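A look at the structure
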Amino acid sequence: MKVTTWLPRWLTEKVPRDHRETDARFRRRRRVVAATSLAGAGMLGAGLSTRPDSPAFYGITLGTAATWVIGGLASGKLHLGWMQYGENLRRPLVTPVLTGVGAFGAFYAAALVAKRVPVLDRAISSVLQYADQGSDGLVVLTTLANGAAEEVFFRGALYAAVGEKRPVVASTGVYMLATVATRNPALVLASGVMGALFGLQRRSSGGIQAPLLTHLTWSTLMLRYLPPLFREEPFVKTPSEPSSRSTSASSL
């Protein structure tokens, strides 16, 4: 039995589309996508090797987003996509946002379990330090910019460059390989799960708007609610304890 039989119709049924392009344009798209994949993966890894809240971190992460967008747009024509609403086709809006909320709920539940697994706890905490120690405005900007840029490239240009043979699997695989550059197992696992979801949205809608809205919704909620879950609680002195033990754990 196919896995897709357990999924909702809006993730499995493809809306009509005609995205055919000439062989020359298809080959050119593949060349641009290959070059962008290597450049973007390198910058992604470099960004998470810098100090949190440093000019280098913000510069490299915004540069990574620019790389994905420039490469995606340079590869060829991209499409926003449609969703079936009764007898009509409309641009996807409400369903992708609700999907993002649902994905966040699933990840939050998984995070409660991951806190009890030391390797995952350390991996997630090492990523969230960039949110905890960074400037709120700049962290939001870089997070959302990279989320949108990844959809332009991975579900836009890369998905189109794969062709008709298993584009969801192939685009998700490349997405995970790019994330391997971060050397963070939590990010790689997340990229596999969300990459598959985004890929199915791209497949069914024929464009990037649905996965982009889901990605931005999911990222916003993760950024808002996940850091407090993994933030170390400060040591609070009880009245019966001597004052010499009032030092917080974070200052040790």
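Just so you know, the residues in each chain are numbered from 1, in the order the chain's sequence is written. Only residues with pLDDT of 70 or above have their local features reported here, since the model is predicted, and side-chain atom pairs are shown and tallied only from 80 upward, although totals for entire chains, interfaces and linings are computed over all residues. Values reported for side chains reflect all heavy atoms of the structure, with hydrogen atoms and water molecules removed beforehand.

1. A few points about a nonpolar patch on the surface
The patch calculation keeps residues exceeding 30% relative accessible area without a salt bridge and links them within 9 Å when they carry like charges or within 5 Å when they are nonpolar (Val, Leu, Ile, Met, Phe, Trp, Tyr). Method for areas: the Shrake-Rupley scheme with a 1.4 Å probe, in which residue coverage is limited to the protein chains shown. Counted as salt bridges are all cases of a side-chain nitrogen of Lys or Arg within 4 Å of a carboxyl oxygen of Asp or Glu. Judged by side-chain polarity, Leu62, Leu138 and Leu141 come together as a nonpolar surface patch covering roughly 220 Å² of accessible area. Only DSSP runs of H or I with at least four residues qualify as helices, and only runs of E with at least two residues qualify as strands; both kinds are numbered from the N terminus onward. Here Leu141 lies in helix H6 (residues 136-162).

2. Some thoughts on the confidence of the model for the protein chain
A residue's pLDDT is the predictor's confidence in that residue, given on a scale from 0 to 100. Of all residues in the protein chain, 90% attain a pLDDT of 70 or more, and the chain-wide mean is 89. Residue contacts are counted whenever heavy atoms from the two residues lie within 4.5 Å of one another. In this model residues 234-238 is a low-confidence stretch, pLDDT under 50, and it forms 11 contacts with partners more than four residues away in sequence or in other chains. Counting contacts from residues 240-252, a segment whose pLDDT is below 50, to residues more than four positions away or on other chains yields 12 contacts.

3. So, the nonpolar core
Grouped together as the largest cluster of nonpolar side chains are 22 residues, with contacts concentrated most on Phe107, Ile124, Met194, Trp218, Met222, Leu226 and Phe230. Of all elements in the fold, only helix H4 (94-114), helix H5 (118-132), helix H8 (185-205) and helix H9 (209-230) reach the threshold of two or more residues within this core. With 6 residues, the single largest contributor to this core is H8. Apart from residues lying up to four places away in sequence, Trp218 is in contact with Gly100, Ala103, Phe104, Phe107 and Met194. Here, the term nonpolar core denotes a set of buried Ala, Val, Leu, Ile, Met, Phe, Trp, Tyr and Cys residues that are joined through side-chain atoms within 4.5 Å. Partly exposed residues are those whose accessible area sits between 20% and 50% of the maximum for their type, while under 20% is buried and over 50% is exposed, using a 1.4 Å probe and protein chains only. Listed in part, the 12 residues of the second largest apolar core include Val33, Ala41, Phe154 and Ala161.

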